[in-house]
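Coordinate inspection notes
So you can see what is in the structure, the chains are spelled out below.
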Amino acid sequence: MQKENSSSTSLVPSGTTEIAKRLNDNIFKVLSADGLTGFEKAYTIAFAAGELKSLLSAEYMKPIMDLQGNRLGFRTDKDASGGYSMEIVKNCLIEATLTGVQPFGNQFNIIAGNCYITKEGFGHLLKKIGGLSYDITFELPRINSDKTSAAIKAVINWTYSGPVKEKTIEIPVKMNQHMGTDAVIGKATRKARAWLFQTITGNEIGDGDVTEDGTATVISSTPKKLPFEKEIERATVLLNESKTHDELKSYWDSFGDDIRNQLTDLMETKYQELEK
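Rules used in this analysis
- Residues numbered from 1 in each chain as written.
- Predicted model: local features only at pLDDT ≥ 70, side-chain atom pairs only at ≥ 80, totals over all residues.
- Heavy atoms only, no water.
- Helix = DSSP H or I, 4+ residues; strand = E, 2+ residues; numbered from the N terminus.
- Buried < 20%, exposed > 50% of the residue type's maximum accessible area, 1.4 Å probe, protein only.
- Contact = heavy atoms within 4.5 Å.
- Salt bridge = Lys/Arg side-chain N within 4 Å of Asp/Glu carboxyl O.
- Pairing = 2+ DSSP bridges.

**Overview of the overall build of the protein**
- Per the secondary structure count, the protein includes ten helices and eight strands.
- For the protein, the proportion of its 276 residues judged to be buried stands at 39%.
- Of the contacts formed within the protein by residues at least 6 apart in sequence, a portion of 56% connects residues at least 24 apart.

**Observations regarding the pattern of salt bridges**
- By the definition in use, this model includes eight salt bridges.
- The closest approach of N and O atoms between Arg 142 and Glu 170, which form a salt bridge, is 2.0 Å. Of the two residues, Arg 142 is situated in strand β4 (residues 142-143) and Glu 170 in strand β6 (residues 165-174); the sequence distance between them amounts to 28 residues.
- Where Asp 265 meets Lys 153, a salt bridge forms, and the shortest distance between an N and an O atom there is 3.4 Å. On the criterion of sequence distance, the pair formed by Asp 265 in helix α10 (residues 257-275) and Lys 153 in strand β5 (residues 149-159) is long-range, its members being 112 residues apart.
- Overall, Asp 265 belongs to the partly exposed group, its relative accessible area being 37%.
- Overall, Lys 153 belongs to the buried group, its relative accessible area being 11%.

**A look at unusual backbone geometry**
- For Asn 106, which is not glycine, the phi dihedral falls at a positive 55 degrees.
- Topologically, Asn 106 is positioned in the loop between α5 (86-99) and β1 (108-111).
- Phi is positive for Ala 112, which is not a glycine, with a value near 55 degrees.

**Points about the pairing of β6**
- The sheet contact formed by β5 and β6 spans ten bridges and is antiparallel. Residue pairing in the sheet places Ala 151 in a bridge with Pro 172 of β6.
- Between β5 and the antiparallel strand that follows it, β6, lie five residues; Ser 161 among them carries a positive phi value of about 55 degrees.

**Describing the pairing of β5**
- Of all the eleven residues making up β5, nine are buried; the element is thus mostly covered by neighbouring parts of the structure.
- Sheet analysis places strand β3 (residues 133-138) next to β5, joined by six bridges and oriented antiparallel. Counted as the bridge partner of Thr 137 is Val 155 from β5.
- Between β4 and β5, which pair antiparallel one after the other, the connecting turn spans five residues, and Lys 147 there sits at a positive phi close to 55 degrees.

Such coordinate-based values are descriptive only and should not be taken to indicate function.
In structure tokens form, the structure reads like this:
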């Protein structure tokens with residue numbers, strides 16, 4: 001038995017265990033610094049990021065680069081062409097781990113050279129919130145005629161330091177001709193988990209993922225020339241954040257008929273919510 005353990009240990013290159021421990025220590029310092037703000041928090045993050053960048057040498061990064069392009073590690077929008085350079089992977093790896101996700105299990109993607117937390121990543125982040133219990137259910141998606149986008153309702157129930165809460169949100173999903181209902185629900189799950197994480201922690205994390213056919217979806221914060229599905233998303237946020245009937249009506253009147261047709265149920269739900 002002792003011989004078998006020794007053989008397993010020998011598979012790990014000399015010195016990497018100590019480096020991994022130092023990497024984990026720096027990540028822990030950032031993730032446990034919730035009480036810090038301002039320059040103290042900024043310094044903690046900056047110092048840890050610098051340490052990680054120094055420790056992640058080319059030799060140490062080589063096996064990590066082999067994780068690029070598959071779900072055991074992390075996917076990218078350049079998987080078909082060989083993926084990203086070591087420097088970009090390193091920067092995204094540092095950002096992902098300091099955000100709190102793991103460097104394996106497809107918990108982050110690299111899209112347009114940037115780090116994006118995935119459905120699996122948000123599942124991991126929510127699981128780490130002590131005392132949180134949640135459940136997300138979906139209605140069948142409403143898919144447009146040319147199968148370029150869909151809208152789907154998510155009902156989120158959760159308990160965290162208080163009574164059970166429930167929220168119904170309308171989620172727009174960009175599609176392609178190869179995507180079915182399960183794929184739409186998968187992408188909606190990522191957005192629903194992201195919404196819950198942001199609601200509980202107040203931390204906003206950018207949106208984006210790699211689809212099953214290897215293409216990427218990135219949602220910009222720029223409101224100019226938005227495609228229909230992004231207009232749906234923006235309109236959904238406006239309706240959900242309305243505080244009065246007048247504000248709700250003002251937003252509703254500004255939408256075109258195509259937007260209204262997609263969000264009628266949400267409008268009625270929000271109107272009734274404000275009635276209470």
